[in-house]
Amino acid sequence: MRPLLELKNISLAYHSMTGETQALSNISFQVNDGEFIAIVGPSGCGKSTLLSIISGLLKPETGDVILNGSPVEEKGANIGYMLQKDHLFEWRDVYKNVLLGLEIQKRITPESKKYIEEMLRTYGLEKFKHAKPSELSGGMRQRVALIRTLALEPDLLLLDEPFSALDYQTRLSVCDDIGGIIKTEKKTAILVTHDLSEAISLADRVIILTKRPGRIQKIVTINFNMKDRTPMKSRNSPEFKDYFNLLWKELNDDV
């Protein structure tokens, strides 16, 4: 079966008047449909740069990014991008914030509105559809941001540290919520995070990058012996500590 996403020998350097900085070197991996991938590595190793390349916002100096069998730059790749901040507009209520992407792309239809209504109801936001963002908790704002992204029905979802602005307790809860939503909606996702616990609890595989220039040091398959896996259940699993120690050792050996 053909993978949904293929990265082939991706390299990128930043150029300035003072010289060249190699950001990424020879990155290759595949992502299957419905898979959740986490990317971890030292600060400055190029994790977010890699997401920008996958999304088509940056063009690599060498290598190819293939989505659904075609290069991402050859057609309008259907990719959703969720950033660290929710970027909700205070002058729009929850419902209008969720509609924003569809509105920009002129894709609002009765079917898309029905899909949004279903997601708001399913994920506990129906009562808040006419509330302003300032009336919501941090976790609820992130749910709104995710539903806004999912409203576009992306083939691939990119998550750039979406929980980093939250306090620890809220972060645990929202991580469980977001993970559940992505699983329920059967989306393929790539998460960039500094939090090893977050990566282990959410991902099917964790890609470890080296320090700059970022190369793939190791890819770890995460497999918990449980039914109906959730991030919180994963954190309480006896295998969790072993995975954490493995990732910690790989990262610190590199440093």
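Below or above, wherever it landed, is the structure these notes cover. The structure displayed is predicted, hence computed values, not measured ones. (Residues numbered from 1 in each chain as written. Predicted model: local features only at pLDDT ≥ 70, side-chain atom pairs only at ≥ 80, totals over all residues. Heavy atoms only, no water.)

**Thoughts on the pairing of strand 1 (residues 5-16)**
Move 1: In this structure, strand 1 lies alongside strand 2 (residues 19-31), joined through 9 bridges in antiparallel fashion. Following the sheet pairing, Ile 10 is matched in strand 2 by Ile 27.
Move 2: From the end of strand 1 to the start of strand 2, which pair antiparallel, there are 2 residues.
Move 3: As defined by bridge partners, strand 1 adjoins strand 4 (residues 62-67) across 5 bridges and the pair is classed as antiparallel. Looking at the pairing, Leu 5 lines up with Leu 67 of strand 4. (Pairing = 2+ DSSP bridges. Helix = DSSP H or I, 4+ residues; strand = E, 2+ residues; numbered from the N terminus.)

**Section: the side chain of Lys 187**
Move 1: Relative to the helices and strands, Lys 187 resides in the loop between helix 5 (168-184) and strand 8 (188-192).
Move 2: Buried Lys 187, no salt bridge; nearest opposite-charge side chain is Glu 153, N-O distance 5.6 Å.
Move 3: Polar side-chain contacts of Lys 187 include one of 3.1 Å to the backbone oxygen of Pro 154.
Move 4: Ignoring any residue separated from it by four or fewer positions in sequence, one finds Lys 187 in contact with Gly 34, Glu 35, Leu 150, Glu 153, Pro 154 and Ile 182. (Buried < 20%, exposed > 50% of the residue type's maximum accessible area, 1.4 Å probe, protein only. Lys, Arg positive; Asp, Glu negative; His and termini not counted. Salt bridge = Lys/Arg side-chain N within 4 Å of Asp/Glu carboxyl O. Polar contact = N/O pair within 3.5 Å; in protein donor to acceptor, adjacent residues only side chain to side chain. Contact = heavy atoms within 4.5 Å.)

**Let's talk about the packing of aromatic side chains**
Move 1: Using the criterion set out here, one finds 3 aromatic pairs in the structure.
Move 2: Each ring, one from Phe 224 and one from Tyr 243, has its centre 5.5 Å from the other, and the planes form 75°; the classification is edge-to-face. On the criterion of sequence distance, the pair formed by Phe 224 in the loop between strand 10 (216-221) and helix 7 (231-235) and Tyr 243 in helix 8 (residues 239-254) is long-range, its members being 19 residues apart.
Move 3: Judged by centre distance (6.3 Å) and plane angle (15°), the ring pair of Phe 244 and Trp 248 falls under stacked. Of the two residues, Phe 244 and Trp 248 both sit in helix 8, 4 residues apart, roughly one turn of that helix. (Phe/Tyr/Trp six-rings, centres within 6.5 Å; stacked < 30°, edge-to-face > 60°.)

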